[in-house]
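Working through the structure, step by step
Given next are the chains, with one letter for each unit.
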Amino acid sequence: MHHLFFNKYFVTMKLLVAFLILFGVQANANVHAQNISLSGKNLTIEKVFAAIKSQTKYLFFYNYEVVQNAKPIEINVKNASINEVLNVVCKEQNFTYTIENKTIVIKAKEIATASVTTEEKQPEIFYLKGYVYGDNNEPLQGASVKIKGTTKSTVTNDKGYFTITITKQEASQNSILISYIGYNNYELKINNKSQITVELSKNIKELNSVIVTNSYSKPKRKEDVTGSIATVSANELQTSRPIESFDKMLEGLAAGVQVEPSTELGTPVKINIRGQNSLTNLFSGNDRALATTSFQPLFVVDGVPILEQRKGDEPILLSNEQYLNPLANLNPDDIESISILKDAAAASIYGANGSNGVIIITTKKGRVGKTKMNVGYSGGWSQSINKLKWLNGYQYHELLRETYMNDGRSPFDAELLAGASNISTPWFELTNRYASVQNVDFDLSGGNENTQYRFSTSYLNQQAIQKANDYEKIYFRLRIDHQLAKKLSLSVSMAPTLTKKNGVNIYSNVPIIPNVPAFNADGSFYKLSSLGVPNPLAVIAQNVNQHNGGSFNGNMRLEYAIKKNLRISTILGADALINKQNTFRSPKNATGESVQGSAQIYDRTSFSWINSSQINWSPTFQQIHKIDATVGFEARSEQVKLLTGTGTGFSYYRLNEISNATTRNSASSKEGNSAYSVYGQALYNLKGKYNVSISGRYDASSIFGTDVNATVNAAAGFGWIVSNEKWFAKALWLDMFRLRYSYGTTGNSRIGSAEARGIYTFTNTGYNDVVSATLSTPPNPFLSWERSLKSNAGLDFNFLKRFSFSVDYYTNIIDDGISAVNINPTTGFTTVLANIAKMRNRGVDAAISAQIFTGKFTWTSTLNFGYNRNVVLEVKNNTERFSTSEGASVLKAGISTTAIWGFKFAGIDPQTGVETYYDKDGKIVNARNLDRTASNAYYLGDRLPDAQGGFINTFGYNGLTVSIIINYSFGAENLISYSKENNGRNLQNSNQSVNLLDRWQKPGDVATVPKLSTGISGLGNPLIPNSTRYLYNDTYLKLSSVTLSYSLPKNLVQKLHGVTVSVFANGNNLAYWYKQKSPENRNGIKEYKFQFPEAQSFTWGARFGF
Amino acid sequence: MKLTKKYTIVLFVSIISIQISCKKFLEQDTPNKVAVTEIFKDFEGARTTVVGIYSNLMDYSYYLRDFTMYPEVTGGNIKYSKSTAQVLSRSYNFINTDFASENDMNSFYQIAYESLYAINNIITNFNQATDASTFQKNRILADAYTLRGLVHFDLMRVFAQAYNFTPDASHEGIVLRTVNKPVTDPIPPKSTAKEVFDQIIKDMDTAIVLYKNSVPIYSNGNDKTWLSENAAKALLSRVCLYKEDWNRTIGLSSEIISSNNYTLLSNSNYINSWSKKNISSESIFELAFGNRIAGSLGDYFNPFANSLTIQFAATNDLLNVYSNTDIRNGLNLYTSVLINSNPFYFTRKYQGTNDSANNIKVIRLTELYLNRAEAYAQTNNLTAALADLNVIRRRGNSSAANFSSTDKTAILNEIFAERRRELCFEGHLFFDISRTKRNLRRVDCTSGTPNLNYPDSRYAVTTPRNL
């Protein structure tokens, strides 16, 4: 398999090199204009050619028969371009010319092919042809093309192509005007050009633009879409930010899309579209790793789903593998647009995988026109912000001494046990740094009517602020669109990505106590052996945790137009991922000392393929009935293979490959699942006012039991553009007004493979050296699909020609929610996956965009907002379920699935220094007397916010742009780990928060932290992790990004023959404002939110286009 | 490049048909594991499921610790040599509740019912193994029936009052599991003790018949480490003893004793038989450790191997039941160690750890002598009873005089005492106390409840329930 992969890979590389050379040459040819002066009457064609040749060094290539009947030529030009000269020369001749690579090819005139306009050719007439693209680089169909000052006009076809005939005079003097609803008009002096490529810019966001609605059908005009879809364009994504994957970039950019950030590079983030749509896993740390369905939306890149790495049923030896984010294998710079499908009308075509929403990514492609090349570089650095304040050595010593004394030790013993009082080692500063980030990218694109291509590559090198943690990526992507035959088109894209990540774990373990030195007097690492933890500096220097991997994402799309409105197409996609994680715990520090060093390698390969074939029919009847119907069939399969090897006992620490270990062990695993589906969608548009969409999908999957392995999801949507009604007297200020409604179902099948069938697990250590099989999962034929019923009502309107407003009210009911549940052990089993609960997400998404200024100084502003409430409606068998107290979660009717469940802290008893709590009757009781049965606990808050979103402002003046992203979140609660202020428990082994300084010391003290105690022999407070004492309000406002960029103005670009230059500077994660303030010199939500602090970064860069 | 329309359509159609043609497309196997529907399709697969039950018996929650130690800890043979992390301390204190996390027989309960589910799977599906001979299939099935009887019996001993608790055994037993139901089905009510015992005896009788027409199916290990016709009969003799079916007890015990397949160890060989993986000549069924060790009971008894888990020391109550000349007394069969300057005695029946872990002896010939002695005594055949009793008594203590009495109660008491001397740490004491309706008296005991007066609900462990 590996060989195959690399062979493929090499072929791709060769291809890329070939393309680079080929198109690089052509690019040069087009750059230079030539000035020719020539005059005379009755000149022979040969003379003219010779004159041009001598003045330009261009060669002529022609067949004599073509020019033998040439008419005599009259010409009078000065400093004219070669095209101008040749236009005059060939004007009345029966031949024409093309320029290729400094060679002028003369050939006989042909009848024009497949043009849209069929006006008769006449002498004195030029053809102006071109392509018109919209914001998403999608061809604009139906754009109006006019020659200013004349009545000549045409419209573009489905490829955005047009031709128009003009006179010589018009060609030299008039302008062409291109307009399209929702886009700024484009005006250009024709200047004797014969071909142009135009990219229209949207005149206001969200207004009548074309958007990608799913990966099965062509982009649609936004006003005809009945579903709820948020879009993010390449521009809005602001890929110049130093964020390594696009999913993290989405934070705050789309209404109703919440990104839960992670502070570690290259690891997955959780994205909640309209709240969390799967039940919270109540089984943390349990052997059943997969206790609920996936939380993540479905990501589809150019029609190929990208599958997340999930725990399956692999052997225990494989369970410590670290998962990387597969979405980071997509270069954010290659993204053309992102569409986020939120309601059933939009997502039900993805059927059983659409429950959590679907995110469709469309990558950039080449377009007709000159070869364009961009080179960019950016670099910068980052630092940590909102650091947690730990006790320093002196404070620590003092507190530990007091703790021992509280436990009844003598002052002498306590002083002795508390260690050094004159050492304070700043472990955080020693293990962290200012980190650098660098990125180089290059892309090349272009093409002619038949073939368009785009190639891009990029290199990213990003350091984390913690030492020995960094991340490198090399991306490639090649896309070719080719017209194989008149009715047959092919599109191919290939994207290999290489990854290297170093992630030595130095921070998620216990914080090191501060009153020990980092180094011995001789400079060697001080051993923290009595604590049982390694010296993190030794870990940084000696241990290894490296990922080396690659992914290959490729797809091919074939489309055949049987008739004008009838197409068949097929897409074949493959996604391969290989990753090797190498870890080594050195025998020279505590991580590997006891076993003389340990090495472990995890090898992961996953291959998936997808094939969908479909037929599309899109006729128009009597000009008013438009139909667009698609029916297709899809099959997909995924295989994951895992291999691990471990070794311990290295006689010499540098020889740390497993083969040098004295004890070796290995394990492997293979898993697969497959599914096939039939999907369909029909859109009907009446008179441009009424839209109806119906879509559905049948899915059959290997995951579920044989009785229920298939399901059908369907949805319908309605749209009414009220403002297109004749009776709708357009208010002066109201430009567009539309109503939408949709209702339907989607599902969620991502729960791991073969869960519904009873499973035997094998071991050869069970009995008498004979292989034995024990039943690990009972057959569960009743496990069935989670179903989500979504309804959505929306309203869009645009007003005052500069504002657009969109609001959606939705209800999403998740029925038959899957979760692992405890069952009576008399059944033979203790937990089983079951469809146990029904819950609802209900809320409002809204976005308002405004072009506040549109003149020389521009100001665009977008505010998006998502409000969501979750509630569990019903728990089957009326059985409430609780997680461990540290999990602090509950499954209970009437309460959110993301609720925090625990006990209400009532303060510290000033007399005894003991924590007090409200019991189930509301009485204040001593923590020791609190009945901590989970069912007596309270609802304390919700982990997800009530409302969140982003506020994005962009200012422009003369090529100078300032873009500011502000994120906000209201109403979430955050339960931090109690271990950060552990009341003296475990204080001898790990450092704790400075908040511990506010402890109770003597009767009468009004304290926030109880009397310190190591907790031995029943002294001290019981641990209540699910307490409001550790609960913080997570309402915040974040200045997420400020980008300042400057691009050379258009007139200068023209003077530079199309060379574009832009420079930018970006600040990321600049400032936080929290509603709940941290006490002075103490920790609060701001510091506690992330165990390891977030990074703030500053980058700058430049980009050149040729 | 030119493609005809026909050619294109053929291309599309072929792509679509590739998708549809794979009929088995949705049947994915996971090679780490085998689906229930697949594993019985051949002899080897079916056999592994039976071995799976043996390995369940070898679990820490079953014979490897909890189940075996429960009657020792509660009966008064064991005291703890350490104060923290005491295994079965809830049982020691009789404070098991129906909360799974507050019941230290919960894991045993779980694995027992899990085993029953797996056994029923075998009984339902064994016939699918087309490559197995009838003799092989019969052995698979015989093992399954024996195991089903054994597991039900073991559950019964822990979670229900003894058979004779009510005159007609109509009191609550346990939930019988002879047919697998979907896990989502409601749990049936508990059967009566009589119903459970009837089912156990029926299963074991079925097994005994099947064994006669079967061949061994395992090549590894000693024959005695696998169930057999004799093992089934021996276990059934124990069941009949508990059921007070004295005649059958006598009949089955006699069959084994007179079979000459098993011989009593001599006094001098006795101690050696309790070391390493020696298969004892008097064993009828042992649970064996292979070379790939998963654990050992020795960790709890071997003071030198593991100072962290060591805890099951013999009580003075137990040590006091031996005479000075008994080969099984504190000097001979125990290792004494000072822990915090207090002497503790650890039995050498289970002192092997890791590679030399002792096999778990599930049933030995001595027990059959004692079973028969008790049955003879109960049926007033006192001479025969004394003969059997003295065989065991004098094997352990060669210089002892024969016990002699004409008082049935005295004889039964002496049989009870001999059972304790002979079978201690093998999982009998508390069950013997319970089925003979004795009061529990523990002297060398730190439990809050050292004594129980019969009858008491605490003679049965509360059935754990769902969390």
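Residues numbered from 1 in each chain as written. Chains lettered and ligands numbered in written order. Predicted model: local features only at pLDDT ≥ 70, side-chain atom pairs only at ≥ 80, totals over all residues. Heavy atoms only, no water.

1. A look at the overall build of chain A
Spelled out, the test is: Here a helix means four or more residues in a row that DSSP labels H or I, a strand means two or more in a row labelled E, and each is numbered from the N terminus. A simple rule labels every residue: compare its accessible area, found with a 1.4 Å probe on the protein chains alone, to the largest value its type can have, and call it buried under 20%, exposed over 50%, or partly exposed in between. In what follows, residue pairs with any heavy atoms lying within 4.5 Å of each other are defined as contacts. To measure how exposed things are, a 1.4 Å probe is used in the Shrake-Rupley method; for residues, cover is taken only from the protein chains shown.
Within chain A one finds 14 helices and 55 strands. With 1106 residues in all, chain A has 56% of them scored as buried. Residue pairs at least 24 apart in sequence account for 69% of intrachain contacts in chain A once pairs closer than 6 positions are excluded. About 46100 Å² of surface is accessible on chain A, with carbon and sulfur atoms providing 55% of the total.

2. Brief notes about the overall build of chain B
Helices and strands together make up the secondary structure of chain B, namely 15 helices and seven strands. Overall size of chain B, expressed as C-alpha extent along the three principal axes, is 110 × 50 × 45 Å. Looking at chain B as a whole, 61% of its 467 residues qualify as buried. For chain B, restricting intrachain contacts to residue pairs at least 6 apart in sequence, the fraction spanning at least 24 positions comes to 70%. Element-wise, carbon and sulfur atoms account for 50% of the exposed surface of chain B, whose accessible area totals about 18300 Å².

3. Some points on the sheet that holds strand E47 (residues 924-926) of chain A
Residue and element names in this part refer to chain A. Convention followed: Two strands make a pair as long as DSSP finds a minimum of two bridges between them. Axis angles are defined between N-to-C directions and span 0 to 180 degrees, where every axis is a line fitted to C-alpha atoms and, for a helix, only to the segment in contact.
Here three strands make up an open sheet; going across it, the order is E45-E46-E47 and the pairing antiparallel. Sheet topology places strand E45 (904-908) and E47 at the edges, where each strand pairs with a single neighbour. The sheet shows a mean angle of 35 degrees between the axes of neighbouring strands, taken without regard to direction. Pairing of E45 with strand E46 (residues 915-918), which is carried by three bridges, proceeds in the antiparallel orientation.

4. What to know about helix H9 (residues 393-406) of chain A
Residues and elements named next belong to chain A. Just so we agree on the cut-off: In this analysis, the expected span of each helix is defined as 1.5 Å times one less than the number of residues it contains. Pairs of N or O atoms are called polar contacts if they sit within 3.5 Å, as long as, within protein, a hydrogen donor faces a hydrogen acceptor (for residues adjacent in sequence, only side-chain-to-side-chain pairs).
With 14 residues, H9 should reach 20 Å at 1.5 Å per residue; the first-to-last C-alpha distance of 20 Å fits that figure. Looking only at H9, the buried set comprises Gly-393, Tyr-396, His-397, Leu-399, Leu-400, Glu-402, Thr-403 and Tyr-404. Structurally, the start of H9 carries an N-cap: the backbone nitrogen of Tyr-394 is 3.0 Å from a side-chain oxygen of Asn-392. Downstream of H9 by one or two residues, Gly-408 has phi in the positive range, about 95 degrees.

5. Remarks on the pairing of strand E40 (residues 831-854) of chain A
All names here are of chain A. Here strand E39 (residues 803-822) pairs with E40 via 18 bridges, running antiparallel. When the sheet's bridge partners are listed, Gly-817 is paired in E40 with Ala-837. In sequence, E40 turns back onto strand E41 (residues 857-875) through a hairpin of two residues.

6. Quick word on the packing of aromatic side chains
Residues and elements named next belong to chain B. Using the following cut-off: The criterion for an aromatic pair is that two Phe, Tyr or Trp rings (for Trp, the six-membered ring) have centres within 6.5 Å, with stacked assigned to planes under 30 degrees apart, edge-to-face to planes over 60 apart and tilted to the rest. The rule for a charge over a ring is simple: NZ of Lys or CZ of Arg within 6 Å of the ring centre, and within 35 degrees of the ring normal.
All told, the structure shown has 69 aromatic pairs over all chains when counted by the stated rule. A centroid spacing of 4.9 Å and a plane angle of 75 degrees characterise the contact between Tyr-54 and Trp-226, whose relative ring orientation is edge-to-face. Taken together, the positions of Tyr-54 in helix H3 (residues 43-57) and Trp-226 in the loop between helix H8 (193-212) and helix H9 (229-243) put the pair 172 residues apart, joining distant regions of the chain. Each ring, one from Tyr-62 and one from Tyr-63, has its centre 4.9 Å from the other, and the planes form 20 degrees; the classification is stacked. By relative accessible area, Tyr-62 is classed as buried at 0%. When the ring centre of Tyr-242 is taken as origin, the NZ or CZ atom of Arg-435, which lies over that ring, is 5.2 Å away. If you follow Arg-438 out to its NZ or CZ, it ends over the ring of Phe-416, 3.9 Å from the centre.

7. Quick look at the sheet that holds strand E21 (residues 358-363) of chain A
All names here are of chain A. Across the sheet, which stays open at both edges, the five strands sit in the order E15-E20-E21-E18-E19 with mixed pairing between neighbours. The sheet terminates laterally at strand E15 (229-233) and strand E19 (304-306), the two strands that pair on one side only. Across the sheet, the axes of successive neighbouring strands diverge by a mean angle of 25 degrees, strand direction being ignored. Of the pairings in the sheet, the one linking strand E20 (residues 335-341) to E21 comprises six bridges and is antiparallel in character. If you follow Ile-338 over to E21, its bridge partner there is Ile-361.

8. What to know about a nonpolar patch on the surface
Residue and element names in this part refer to chain A. To be explicit about the condition: Two distance rules govern patches: like charges are joined within 9 Å, and nonpolar side chains (Val, Leu, Ile, Met, Phe, Trp, Tyr) within 5 Å, applied only to residues with over 30% relative accessible area and no salt bridge. The term salt bridge refers to a pairing of a side-chain nitrogen on Lys or Arg with a carboxyl oxygen on Asp or Glu at a separation within 4 Å.
A surface patch of nonpolar side chains, amounting to about 610 Å² of accessible area, comprises Phe-853, Phe-857, Tyr-957, Leu-960, Leu-1044, Tyr-1046 and Val-1063. Tracing the chain through its elements places Leu-960 in strand E50 (residues 960-970). Taking relative accessible area as the criterion, Leu-960 reaches 39% and is therefore assigned partly exposed.

9. A few points about empty space enclosed by the protein
Residues and elements named next belong to chain A. This is how it is decided: Put plainly, a pocket is an open set of points on a 1 Å grid over the protein atoms alone with protein on both sides within 12 Å along at least five of seven lines, a cavity is a set where a 1.4 Å probe fits but cannot get out, and a lining residue has an atom within 4 Å of a point. Grid points are joined across faces, edges and corners, and a volume is the space filled by probe spheres set on the points. Residue classes follow a fixed rule: Ala, Val, Leu, Ile, Met, Phe, Trp, Tyr, Cys and Pro count as nonpolar, while Asp, Glu, Lys and Arg count as charged, and any other residue, Gly among them, counts as polar.
Under the counting rule described, the total for this entry stands at 13 cavities of 30 Å³ or more. The wall of the second largest cavity is formed by 31 residues, among which Glu-244, Ser-262, Asn-1068, Asn-1069 and Ala-1095 lie closest to the centre. Looking at the lining of the second largest cavity, the elements with two or more residues in it are strand E23 (435-447), strand E24 (451-463), strand E53 (1036-1047), strand E54 (1060-1074) and strand E55 (1094-1105). Here the lining of the second largest cavity is composed, by residue class, of 13 nonpolar, 11 polar and seven charged.

10. A closer look at the side chain of Arg738(A)
All names here are of chain A. Within the secondary structure, Arg-738 sits in strand E35 (residues 734-748). From its side chain, Arg-738 meets the backbone oxygen of Glu-223 in a polar contact 2.9 Å long. Setting aside residues no more than four positions away along its own chain, Arg-738 makes contact with Lys-222, Glu-223, Asp-224, Val-225, Trp-720, Ile-721, Val-722, Gly-794, Leu-795 and Asp-796.

11. A word on unusual backbone geometry
Following Tyr454(B), the chain continues to Pro455(B) via a peptide bond in cis, the omega torsion being -10 degrees. Considering the arrangement of structural elements, one finds Pro455(B) in the segment after helix H15 (429-435). A positive phi angle, near 60 degrees, is found at Gln596(A), a position not held by glycine. With respect to the helices and strands, the residue Gln596(A) is situated in the loop between strand E28 (566-585) and strand E29 (598-617).

12. Focus on the nonpolar core
Soluble, globular proteins show a tendency: their nonpolar side chains are buried together. The condition is simple: To qualify as a nonpolar core, a set must consist of buried Ala, Val, Leu, Ile, Met, Phe, Trp, Tyr and Cys residues joined through side-chain atoms within 4.5 Å.
Counting residues in each nonpolar core, the largest one holds 164 residues, and the members touching the most others are Tyr54(B), Leu155(B) and Leu287(B). Looking at this core, the element that brings in the most residues is helix H7 (residues 134-159) of chain B, giving 13 residues. Excluding residues within four positions of it along the chain, Leu155(B) makes contact with Phe108(B), Tyr109(B), Ala112(B), Tyr113(B), Leu116(B), Ala160(B) and Ile174(B). Within the second largest apolar cluster, 26 residues are counted, among which are Phe246(A), Leu253(A), Ala254(A) and Ile965(A).

13. Observations regarding the packing of helix H13 (residues 382-396) of chain B against helix H14 (residues 408-423) of chain B
Two packed helices can be described by the angle between their axes and the distance between those axes. Residues and elements named next belong to chain B. Here is the rule: When describing relative orientation, an angle under 35 degrees is termed roughly parallel and one over 145 degrees roughly antiparallel, while 65 to 115 degrees is termed roughly perpendicular and anything else oblique. The handedness criterion is simple: a crossing whose near helix is rotated anticlockwise from the far helix by less than a right angle is left-handed, and one whose near helix is rotated clockwise is right-handed.
It is the contact of H13 with H14, at a shortest axis distance of 10 Å, that shows an interaxial angle of 30 degrees. With respect to their mutual orientation, H13 and H14 come out roughly parallel. The chirality of how H13 crosses H14 is left-handed. Here Leu-382, Ala-385, Leu-386, Leu-389, Ile-392, Arg-393 and Arg-395 of H13 come into contact with H14, specifically with Lys-408, Ile-411, Glu-414, Ile-415, Glu-418, Arg-421 and Glu-422.

14. With respect to the packing of H8(B) against H9(B)
All names here are of chain B. Relative orientation of the contacting elements H8 and H9 amounts to 160 degrees, with a least axis distance of 9 Å. Classified by the angle between their axes, H8 and H9 sit roughly antiparallel to one another. Considering how the two elements wind past one another, H8 and H9 form a crossing that is left-handed. Contacts between H8 and H9 involve Phe-197, Asp-198, Ile-200, Ile-201, Met-204, Asp-205, Ile-208, Tyr-211 and Lys-212 from the former and Glu-229, Ala-232, Lys-233, Leu-235, Leu-236, Val-239, Tyr-242 and Lys-243 from the latter. For the contact of H8 with H9, the per-class residue count stands at 11 nonpolar, no polar and six charged.

15. Points about the environment of Lys248(A)
Residue and element names in this part refer to chain A. Note on placement: Lys-248 falls in helix H7 (residues 246-249). Along the backbone, Lys-248 and Ala-328 are 80 residues apart, and their C-alpha atoms lie at a distance of 9.4 Å. Discounting chain neighbours no more than four positions away, the residues touching Lys-248 are Ile-243, Val-259, Ser-262, Glu-264, Leu-265, Gly-266, Thr-267 and Val-269.

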